[in-house]
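# A look at the structure
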Amino acid sequence: MEKTIHVGLIGFGIGGQVFHAPIITSVDGLRLHKVSARRPEQLEMLQRRYPDTRIVDNADAIIHADDIDLVVVATSNDVHYSLAKAALLAGKHVVVEKPFTITVGEADELIALARQQNKVLSVHHNSRWHSDYLTLRKVAKSGRLGRLVSFEARFDRFRNALRPNAWREADLPGSGIWYDLGAHLVDQTLQLFGLPLAINADLRIQRPGAGAVDDFEVILHYPQLKVSLKGSMLVKEPTPRYALYGMDGAFVKAGVDPQEAALRAGLSPKGNPNWGKEPPEIWGKLNVLENGKDRIEYVESEQGDYPAFYRNVYEAISAGRELAVQPEHARNVIYVIEMGERSWAEKRTLDLQF
């Protein structure tokens, strides 16, 4: 019989509601057993969507529960470390929402503790399973662009007014879009190209009243490749998500992976063969020089697959499979983020030593 892993989800804000609960419940072998929530609207949603899940009002009721195998930390960034540490000490496997921690020191401590406890520790870098990123990765590895020389990635939104009581926009450790959205782009970059040699960052607060970074532009240096990562809360007109340039051509990808919108609409990937499929109108454009002739084509997008993250976590716990998102990967993301902050504070390019 298939082993059932009982999951306790700490936090039922947007992260828990959209990116964790519906994905956990779509994966065979995982059971969403307990969720911590307090707000009336959260309780109503839990009771309506997950009637068999127990609701508790504090994290300890999950961390110290004998009937929980895997703890998922989907809270504000400033308590990722403390909750993950408590769960590991309680003998639980742990998934932490990205960003992993606030500092590299915290990340290193959790990695060592997970090894000591012999428990699975992973970080929810789900953007590795975005349709647009999977397509970009396929093109990058195809060799059709020749030697790669430049990569540009953006993660933009438009919200010119602050959300009331939004911790991501407050002056708190780990808040702001460099930690929030930048973590996605940094992780994708490290997966595509490995570890960079140096960083130069420009991190700004542009909206009146904002307490955290809401615009970033970061250059990562590689031996023969320049990487530019950008994000802003004030981009009204959509820009390409990715642009990859090589000696023989370019690949430009606009549009957004459809999974988040589907999840926000209350849909589930379970039993849906079209989950994560992009419409042809946002497929990426490939423009290359082949055999002395220009060739333009539109590349059918790969299918997005958020459940792949939790399928892998299930297999790592139940069968000892290698983690797709190893905590060391997420630790390196935090190192780049921290060094980006230091680069901006010192207004200079910094060498990176992982």
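Described in the following lines is the structure provided in the data block.

So, how was this worked out
Residues numbered from 1 in each chain as written. Predicted model: local features only at pLDDT ≥ 70, side-chain atom pairs only at ≥ 80, totals over all residues. Heavy atoms only, no water. Pairing = 2+ DSSP bridges. Helix = DSSP H or I, 4+ residues; strand = E, 2+ residues; numbered from the N terminus. Buried < 20%, exposed > 50% of the residue type's maximum accessible area, 1.4 Å probe, protein only. Polar contact = N/O pair within 3.5 Å; in protein donor to acceptor, adjacent residues only side chain to side chain. Phe/Tyr/Trp six-rings, centres within 6.5 Å; stacked < 30°, edge-to-face > 60°. Lys NZ or Arg CZ within 6 Å of the ring centre and 35° of its normal. Axes fitted to C-alpha atoms, helices over the stretch in contact; angles between N-to-C directions. Parallel < 35°, antiparallel > 145°, perpendicular 65-115°, else oblique. Left-handed = near helix turned anticlockwise from the far one by under 90°. Contact = heavy atoms within 4.5 Å. Nonpolar A, V, L, I, M, F, W, Y, C, P; charged D, E, K, R; others polar. Salt bridge = Lys/Arg side-chain N within 4 Å of Asp/Glu carboxyl O.

Sheet topology places strand β7 (residues 148–156) next to strand β11 (residues 242–246); five bridges connect them, and they run antiparallel. Its bridge partner being in β11, Phe-151 is matched across the sheet by Leu-244. Relative to strand β10 (residues 226–232), β7 is paired through seven bridges, and the arrangement is parallel. Along β10, the bridge assignment pairs Arg-154 with Lys-230.

This brings us to unusual backbone geometry. Residue Lys-98 is joined to Pro-99 through a cis peptide bond whose omega torsion reads -5°. Mapped onto the elements of the fold, Pro-99 is located in the loop between β5 (93–97) and α5 (104–117). Phi at Asn-291 takes a positive value of approximately 55°, unusual for a residue other than glycine. Residue classification places Asn-291 among the exposed residues on the basis of a relative accessible area of 83%. Of note in the backbone geometry, Lys-347 takes a positive phi value of approximately 55° without being a glycine. If you trace the backbone, Lys-347 turns up in the loop between α11 (327–346) and β15 (350–351).

Take His-20: it is sitting in helix α1 (residues 14–24). Assessed through its relative accessible area of 0%, His-20 is described here as buried. A polar atom in the side chain of His-20 sits 2.6 Å from the side chain of Glu-97.

For the coordinates displayed, the defined rule picks out eight aromatic pairs. When the ring of Trp-129 is compared with that of Phe-309, the centres are 6.1 Å apart and the planes differ by 70°; the resulting orientation is edge-to-face. Here the residue Trp-129 occupies a position in the loop between β6 (121–124) and α6 (131–142), and Phe-309 occupies one in helix α10 (residues 307–319), the gap between them amounting to 180 residues. Aromatic pair Phe-193 and Tyr-222: ring centres 6.0 Å apart, planes at 65°, arrangement edge-to-face. Taken as a pair, Phe-193 in helix α8 (residues 182–193) and Tyr-222 in the loop between β9 (215–221) and β10 lie far apart in primary sequence, 29 residues in all. Assigned by exposure class, Phe-193 and Tyr-222 land together as buried. By the ring-pair criterion, three or more aromatic residues cluster together here, those being Phe-151, Phe-193, Tyr-222 and Tyr-242. One residue, Arg-241, lies across the ring of Phe-155, its end atom 4.4 Å from the ring centre. Directly above the aromatic system of Trp-344 lies the positively charged group of Lys-347, at a separation of 3.9 Å from the ring centroid.

As a further point, take the packing of α8 against α11. Between α8 and α11, whose axes approach to 9 Å, the crossing angle comes to 120°. The pairing of α8 with α11 is recorded here as oblique in orientation. Crossing of α8 against α11: the hand is right-handed. Mapping the contact onto sequence places Ala-183, Val-186, Asp-187, Leu-190 and Gln-191 in α8 and His-329, Asn-332, Val-333, Val-336 and Ile-337 in α11. The class makeup of the residues in the contact of α8 with α11 is six nonpolar, three polar and one charged.

So, about the pattern of salt bridges. In this structure the tally under the stated criterion is 24 salt bridges. Across the pair Glu-109 and Lys-85 runs a salt bridge whose closest N-O atoms are separated by 3.0 Å. Taken together, the residues Glu-109 in helix α5 and Lys-85 in helix α4 (residues 80–89) connect sequence positions 24 residues apart. Residue Lys-85 is classed as partly exposed on the basis of its relative accessible area of 28%. The residue Arg-144 makes a salt bridge to Glu-290 at a minimum N-O spacing of 3.0 Å. Of the two residues, Arg-144 is situated in the loop between α6 and β7 and Glu-290 in strand β13 (residues 284–290); the sequence distance between them amounts to 146 residues. A single network of salt bridges, built from pairs that share partners, joins Arg-144, Glu-290, Arg-295 and Glu-297.

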